[in-house]
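What follows is the residue order along each chain.
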Amino acid sequence: MGAALLSALWITVAAARPVASNVRIGDNGGATRFVLDVSEPVAFEIFVLADPYRVVVDLPDMQWQLPSVASTQSRGLVLGYRFGQFRPGTARMVLDVAGPVEVAKAFLLPAANGQPSRFVLDLKTTDRQSFLDAVRRNRPQVPQPAAFAPVAPPPKPAQAHGRKIIVIDAGHGGVDPGTIATDGAFEKTLTLALAKEVQHKLAANGRYRVLMTRSDDSFVELRDRVQYAREAGADLFISLHADAVRDHGVRGGTVYTLSQTASDKEAEALASEENRSDLIAGVDLSGESDQVTSILIDLAQRETLNHSAAFAQMLVDELGRRVVMHTNGHRFAGFRVLKAPDVPSVLIEAGYLSNHQDESMLRSPAGKAKLADAIQRAVDRYFAAEKS
């Protein structure tokens, strides 16, 4: 089959996905109606999650043509909503709600009188116990984490030609947009573009096998990012992010490594926010094991944390030669995504999307190239030091 025909088939399949084009929210006292305009009737599944209160709607693959700023819209019982790819074949909308709610009605209206098909969700207030009962009744089936075995990590796969394995983790993705810049740009989009630049830079010299936790706009749970690095036998794990704060004058990059005790309040707050990614995407964490957290600092793999800290300092040095760095460029806190006990791991906040200069740098090809060059040089230094 020719490339042109394959391309035409892909375009046809992609175009066949339903299109979500608009959202309207109506408030009527204790009841709120959420309406999603879709190009055709779609199947849907709904469940609710507590702490924080959320209503989750799973849909088939969608083309999202909703304005990004609309996700912050607050009206009635709906405080805001997010949308995007959740897993292959499934798109998701997550509605943050003001308190315990009941899904009074959920139905589809066919296209009529110049109006497209519509998915309609009616919410009304209820008490917490009734809400928790609904959570238990409709709990989504999610795989439970495997038992953690710190003494026997999975064996590393054979490395082709002795190449080191590096996993690049583009922060956020899919239904989890991450930080939203003042002009509406999503952190998930900028981190993916940077991750691809870093992957290209590292792979160019042939010394490394470079893998990515996500290569498109899809959602990946935090524990799955960690497990992916472990199963790949990664020698380094690099997670890429971009922060935002109220003070638009604050700018610069920061490199974080893992510790149960944060280096400062800002690091603690950032880790807390980043660790909410699964909650933001509507993941049920009620059955999540905290075994990794409880034993983390008592691991025999303290050497891994030392390697992480050494690599972090090399990153701070190399980044500082090419881009603006924030005060105290190396910090530490309890980031869930850094908790692989046998893989040296760092999280890079490449800049602040709340700062115009940092955002421009992250958007520009020249800025991404500088960041990728610094990361590549730090990686080279790290493995050179490992040999000595």
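None of these values were measured; they are calculated from a predicted model.

Side note on unusual backbone geometry
The linkage connecting Asp-51 with the following residue, Pro-52, adopts the cis geometry, with an omega of 5°. Even without a glycine there, the phi angle at Asp-51 is positive, about 55°. Take Asp-51: it is sitting in the loop between β3 (45-49) and β4 (54-60). With a phi close to 55°, Asn-328 is a non-glycine residue in the positive phi region. With respect to the element layout, Asn-328 can be found in strand β14 (residues 325-333). The exposure class assigned to Asn-328 is partly exposed, which follows from its relative accessible area of 43%.

Some details on the packing of helix α9 (residues 356-363) against helix α10 (residues 365-387)
Their axes nearest at 5 Å, the elements α9 and α10 cross at an angle of 85°. By the criterion of interaxial angle, the relationship of α9 to α10 is roughly perpendicular. Judged by residue contacts, Met-361, Leu-362 and Arg-363 of α9 engage Pro-365, Gly-367, Lys-368 and Leu-371 from α10. Looking at the contact of α9 with α10, its residues break down into 4 nonpolar, 1 polar and 2 charged.

Focus on the sheet that holds β3
Sheet architecture is open: 4 strands sit in the order β3-β4-β7-β6, paired in antiparallel fashion. Every other strand in the sheet has two partners, leaving β3 and β6 (78-87) as the edge strands with one partner each. Neighbouring strand axes in the sheet, compared pairwise and without regard to direction, differ in orientation by 20° on average. Strand direction decides the pairing type here: β4 and strand β7 (residues 90-97), joined by 7 bridges, are antiparallel. Residue pairing for β7: Leu-59 is matched across the bridge by Ala-91.

Concerning helix α5 (residues 265-274)
Residues Ala-267, Leu-270, Ala-271 and Glu-274 constitute the buried set of α5. Along the long axis of α5, the arc covered by the buried residues comes to 100°, so they all point the same way. A side-chain oxygen of the first residue of α5 lies 3.1 Å from the backbone nitrogen of Glu-266; this N-cap is Asp-264.

Description of the packing of aromatic side chains
Within the structure shown, the criterion is met by 10 aromatic pairs. Aromatic rings pair up to connect Phe-34, Trp-64, Tyr-81 and Phe-83 into one cluster. Looking at Arg-92, its charged tip hangs above the ring of Phe-86, at a distance of 3.6 Å from the centre.

Some remarks on the confidence of the model for the protein
Low-pLDDT stretches of the model should not have their predicted coordinates read in fine detail. Per-residue confidence for the protein gives a mean pLDDT of 86; residues scoring 70 or more make up 85%. Within the model, the stretch residues 1-15 combines pLDDT values under 50 with 4 contacts to residues more than four positions away or in other chains. Note that pLDDT drops below 50 for residues 142-155; the model gives that stretch 21 contacts with residues more than four away or on any other chain.

Focus on the nonpolar core
Counting 40 residues, the largest nonpolar core has Ile-168, Ile-238 and Val-379 as the members making the most contacts within it. When residues of this core are traced back to their parent elements, those giving at least two are β10 (164-170), α3 (187-203), β11 (208-212), β12 (236-243), α8 (302-320), β15 (345-352), α9 and α10. Per-element accounting of this core gives the leading share, 8 residues, to α10. Apart from the residues lying within four places of it in its own chain, the contact partners of Ile-238 are Ile-166, Val-167, Ile-168, Asp-169, Phe-311, Val-346, Ile-348, Ile-375 and Val-379. With 31 residues, the next largest nonpolar core counts Ile-25, Leu-36, Val-57 and Leu-123 among its residues.

About the thresholds
- Residues numbered from 1 in each chain as written.
- Predicted model: local features only at pLDDT ≥ 70, side-chain atom pairs only at ≥ 80, totals over all residues.
- Heavy atoms only, no water.
- Helix = DSSP H or I, 4+ residues; strand = E, 2+ residues; numbered from the N terminus.
- Buried < 20%, exposed > 50% of the residue type's maximum accessible area, 1.4 Å probe, protein only.
- Axes fitted to C-alpha atoms, helices over the stretch in contact; angles between N-to-C directions.
- Parallel < 35°, antiparallel > 145°, perpendicular 65-115°, else oblique.
- Contact = heavy atoms within 4.5 Å.
- Nonpolar A, V, L, I, M, F, W, Y, C, P; charged D, E, K, R; others polar.
- Pairing = 2+ DSSP bridges.
- Arc of directions from axis to C-beta.
- Polar contact = N/O pair within 3.5 Å; in protein donor to acceptor, adjacent residues only side chain to side chain.
- Phe/Tyr/Trp six-rings, centres within 6.5 Å; stacked < 30°, edge-to-face > 60°.
- Lys NZ or Arg CZ within 6 Å of the ring centre and 35° of its normal.
- pLDDT = per-residue confidence, 0-100.
- Core = buried A, V, L, I, M, F, W, Y, C linked by side-chain atoms within 4.5 Å.

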